[in-house]
Amino acid sequence: MMGKQNYFFLLAGCLWMLAAAAQEKQPADYVNPFIGATTSKTVAASAHGGGKTFPGAATPFGLTQLSPNTITGGDNGSGYSYEHRTIEGFAFTQMSGVGWYGDLGNFLVMPTAGPLRTNSGKEAGDIKGYRSFYDKASEKATAGYYTVRLTDYGIRAEMAAAPHSGIMRFTFPANEQSRIQIDLARRVGGTATEQYVKVVNDHAITGWMKCESSGGGWGDGQGKPDYTVYFYAEFSQPLKDFGVWEVDIPQGTSRKRAFIEQPGFQTLTAHAKILKGCKEKQGRHLGFYTNFKTGDGAVVLMKAGISFVSMEGARMNLLQEIAGWNFDAVHTKSRQLWNDALSKMKISGGTEDQKVIFYTALYHSMIDPRSFADVNGDYPGGDGAVHHTGAFTKRTIFSGWDVFRSQMPLQTIINPAVVNDMINSLVELAGENGTRYLERWEFLNAYSGCMLGNPAVVVLADAYKKGIRNYDVKKAYQFAKNTVARFGNGQRGYAPNSISSTLEYAYNDWCMAQLAGTLGKKEDYSRFMKQSENYKNVFDPSVGWFRPKDANGAWLPWPASGRLQQSYGSTESNPYQQGWFVPHDIKGLTRLLGGVDKTLADLEQFFDKTPADMLWNDYYNHANEPVHHVPFMFNVLGKPWLTQKWVRVLCEQAYHNSAERGLVGNEDVGQMSAWYVLAASGLHPVCPGDNRYQICTPLFDAITIRLDNRYARGKKFVIKTIGNAPGNNYIQSAKLNGTPYKMSWIDHSAITKGGTLELVLGAKPNKAWGVSNPVDAGL
């Protein structure tokens, strides 16, 4: 028999283990939504600003995002910047990490007290409004939750998100004039151009806000935004003393960014007409308010459903997701959604900061492409009609030029259904609106044409080759062909005045060739493969690098700074940075550059001259996308230890657990974060459309990837390290499922079969491992 003393120790040990397990952190506990939450140009050392993420409450790929807004106007896509000292309200829709003038920020809710103010006010100067200073120490954010204390009013604000709705909880001080007010005209980078509000009963309102290009928004109107946000909101406090305010906007007045940034806009909106007791109103600049008396510590809640389809859709979204008034239950559910989503990649080992950076990056990679459909499957089509689908989730916000590089390849592994949804969404949109080509930067059905290339073709080719095919393949292929025919290098074989476009279009043609080849379309395959070599047409042997040509075929004058000249035939880059973008034909590029040794020497210089802070620069500029594949080129060129070296440097120096220094450039709708997730896991593609991931040194002892059995044969794939320790940055040897593995890449099929990739790490490079890459043949 077990002695009493031994039994006691065994019981104590079990209880200790249970307590430890209960306290063990879950993935959502590591998320810091403040990482990258700045638009500051000073912080980023670039006109493109910082990470531009938002810190508020969201759900994985959800339609709603409840977040504080600190400023309206400027290149401020997220509506929030960490260094600002005031908050003007909490909106139900946000964008994450966009580099253009932003949009959304609709349905701006602000708890206030005292006299009603109908203008937002300015942080600087003496222009008062409903905005408030806030206590920075009180500001907290976790996955699905945000809270802050507004010091002007002494009000604590909390918010939690559901996929199509959200709930806000406000704790008021004692006041005879406490209030919740909603600026229905407010919008990041402009205004809604028309609004409608109706009091439904003594606890609810409904309405809509129309947002189109004359009101600014996406690209300050250049992005062709045209959407309507519908809402249905309920208040825990009955509507007794309520009303509408209306601003008289003179006919012909611009509603764009420049208008709302002027002091005159504050004067105009401060003198709104107050329509007390108004139960229904449509106008060009409206707001709604409800007053109530509060005792100290009084809690008032407001919840709302959001829809891009109809007011009834918004109501149904709210009723299905948040039926009661249990704020904590909504928060708990949101946290559960995030834990499930983030658990698709479980890590062990690494420092606490590395875990925070990793899981926050994974979190940021799952904000978009967001759901665009209501809970019943209805969504707004590109033809202006309401459509319905049960076969896929309609998705929107496709930042193609950014996300084809890392964001979408990451999702092909952990969320292949989301990639399938996005392709379905782009294909159906192209049919609905009659364009019959795939948009490069889609925003709420708008064809903005932002950036360059044909990234949707890349995503389609990459997905199809990986077995992600639950869409109309015939239609998708035809639309892809239409796309490269409409936007390409054409009969000249190059894009006039542009290195960037020429190289991107050549790569897009290669992707079309891969898709054609997989589908057995031999003639198309041959034609597109030939066109994929068009990048050679803008290589000038006399300067030894890529150089733009004009429409007549003449070289543009070579600048004094040579290939370091920013914007010389290059988009958001210089020729030195853009010239490496031949991911589909690195062998051909190497021949142009004079062979492997010369190419490697130039690449090493490219990294050696990069500043340690990794901020915007003329060499390896991680702050922007054109170079994101370049560290992995060393694998292909036979020096994988340099990929291992520089990827580790980038993970450590370009990403931090910080709001203002968390990201060295714009988040770009998940791309910057997805790069980190893949690289920190030891895998990253050099060429989407090719199923190979280049192997680099993981940051963690183990990364366990949960696979989707609808698209994968295996249940999980594990990347395991032996000897992971500070300074052990180099791979010494590898095994795949127990068998020695000598290649510096791994195929997508090997991952989806399930298994274990084991990497032995050490402090010095093993220059014998990984150099027998078949891609190297012929170099």
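These numbers were taken from a predicted model, which means no experiment stands behind them.

Student: Can you walk me through the packing of helix α11 (residues 455–465) against helix α13 (residues 499–518) in this structure?
Tutor: How two helices sit against one another is set out by the angle between their axes and by the gap between those axes. One can describe the packing of α11 onto α13 by two numbers: an axis separation of 9 Å at closest approach and a directional angle of 30 degrees. Crossing geometry of α11 relative to α13 is assigned as left-handed. Between α11, through Val 457, Val 458, Leu 460, Ala 461, Tyr 464 and Lys 465, and α13, the contact on the second element is made entirely by Tyr 507, Asn 508, Cys 511, Met 512, Gln 514, Leu 515 and Thr 518. Class assignment for the residues of the contact of α11 with α13 results in 9 nonpolar, 3 polar and 1 charged.

Student: Sorry if this is basic, but what is going on with the environment of Asn 470 here?
Tutor: As for its placement among the helices and strands, Asn 470 is situated in the loop between α11 and α12 (473–486). Once you skip the residues sitting within four places of it in the chain, Asn 470 turns out to touch Asn 420, Asn 424 and Tyr 711. Of note is the side chain of Asn 470, whose polar atom sits 3.2 Å from the side chain of Tyr 711.

Student: Help me understand the sheet that holds strand β35 (residues 730–736) in this model?
Tutor: Strand pairing in a sheet relies on backbone hydrogen bonds. The paired strands run either parallel or antiparallel. With respect to topology, 6 strands assemble into an open sheet ordered β21-β33-β34-β38-β35-β36, the strand pairing being mixed. Every other strand in the sheet has two partners, leaving β21 (345–348) and β36 (739–740) as the edge strands with one partner each. Relative to strand β38 (residues 755–762), β35 is paired through 6 bridges, and the arrangement is antiparallel. Note that in β38 the partner of Leu 736 across the bridge is Leu 757.

Student: What exactly am I supposed to notice about the pairing of β35 here?
Tutor: In regular strands, side chains alternate between the two faces of the sheet. The sheet contact formed by β35 and β36 spans 2 bridges and is antiparallel. Bridged to Leu 736 within β36 is Thr 739.

Student: Where do I start with the pattern of salt bridges in this structure?
Tutor: When the charged atoms of two side chains with opposite charge come close together, those side chains can pair. This structure, assessed with the given rule, holds 32 salt bridges. The closest approach of N and O atoms between Arg 370 and Asp 368, which form a salt bridge, is 2.6 Å. According to the relative accessible area criterion, Arg 370 is buried, its value standing at 3%. Each of Arg 156, Glu 158, Arg 169 and Asp 328 takes part in salt bridges that share partners, so that together they form one network.

Student: I would appreciate a short explanation of the packing of aromatic side chains in the present structure.
Tutor: When we look at a pair of aromatic rings, we describe it by the centre distance and by the angle of the planes. One pass over the full model with this rule turns up 44 aromatic pairs. Centroid distance Tyr 655 to Tyr 676: 4.8 Å. Interplanar angle 50 degrees. Geometry classified as tilted. Of this pair, Tyr 655 sits in the loop between α19 (640–653) and α20 (671–681) while Tyr 676 sits in helix α20, placing them 21 residues apart in sequence. Of the two residues examined, Tyr 655 and Tyr 676, each falls in the buried class. Put simply, the rings of Phe 539, Trp 545, Phe 546, Tyr 576, Trp 580, Phe 606, Phe 607, Tyr 619, Tyr 620, Phe 634 and Trp 646 pair up and form one aromatic cluster. Taking the ring centre of Tyr 82 as reference, the NZ or CZ of Lys 136 above it sits at 3.5 Å. Above the plane of the ring of Trp 745 lies Arg 692, whose end atom (NZ or CZ) is 5.1 Å from the centre.

Student: I'm lost on the pairing of strand β6 (residues 132–142) in this one. Help?
Tutor: Where strand β3 (residues 86–87) lies against β6, 2 bridges are found, and the strand directions are antiparallel. Along β6, the bridge assignment pairs Thr 86 with Phe 133. With 5 bridges joining them, β6 and strand β7 (residues 145–150) adopt antiparallel strand pairing. Within the sheet, the bridge partner assigned to Thr 142 lies in β7 and is Tyr 145. Hairpin connection from β6 to β7: 2 residues lie between these consecutive antiparallel strands, with Gly 144 at a positive phi of about 90 degrees.

Student: Help me understand α11, please; the structure alone is not making it clear to me.
Tutor: A turn of α-helix holds 3.6 residues, and therefore any two residues three or four places apart point the same way. When you tally the buried positions in α11, you get 10 out of 11 residues, the bulk of the element. Among the residues of α11, those classed as buried are Pro 455, Ala 456, Val 457, Val 458, Val 459, Leu 460, Ala 461, Asp 462, Ala 463 and Tyr 464. Structurally, α11 contributes buried residues whose contacts are with β26 (398–399), α8 (400–403), α9 (407–414), α10 (416–432), α12 and α13. Directly beyond the C-terminal end of α11, a positive phi value near 85 degrees is found at Gly 467.

Procedures and definitions
- Residues numbered from 1 in each chain as written.
- Predicted model: local features only at pLDDT ≥ 70, side-chain atom pairs only at ≥ 80, totals over all residues.
- Heavy atoms only, no water.
- Axes fitted to C-alpha atoms, helices over the stretch in contact; angles between N-to-C directions.
- Helix = DSSP H or I, 4+ residues; strand = E, 2+ residues; numbered from the N terminus.
- Left-handed = near helix turned anticlockwise from the far one by under 90°.
- Contact = heavy atoms within 4.5 Å.
- Nonpolar A, V, L, I, M, F, W, Y, C, P; charged D, E, K, R; others polar.
- Polar contact = N/O pair within 3.5 Å; in protein donor to acceptor, adjacent residues only side chain to side chain.
- Pairing = 2+ DSSP bridges.
- Salt bridge = Lys/Arg side-chain N within 4 Å of Asp/Glu carboxyl O.
- Buried < 20%, exposed > 50% of the residue type's maximum accessible area, 1.4 Å probe, protein only.
- Phe/Tyr/Trp six-rings, centres within 6.5 Å; stacked < 30°, edge-to-face > 60°.
- Lys NZ or Arg CZ within 6 Å of the ring centre and 35° of its normal.

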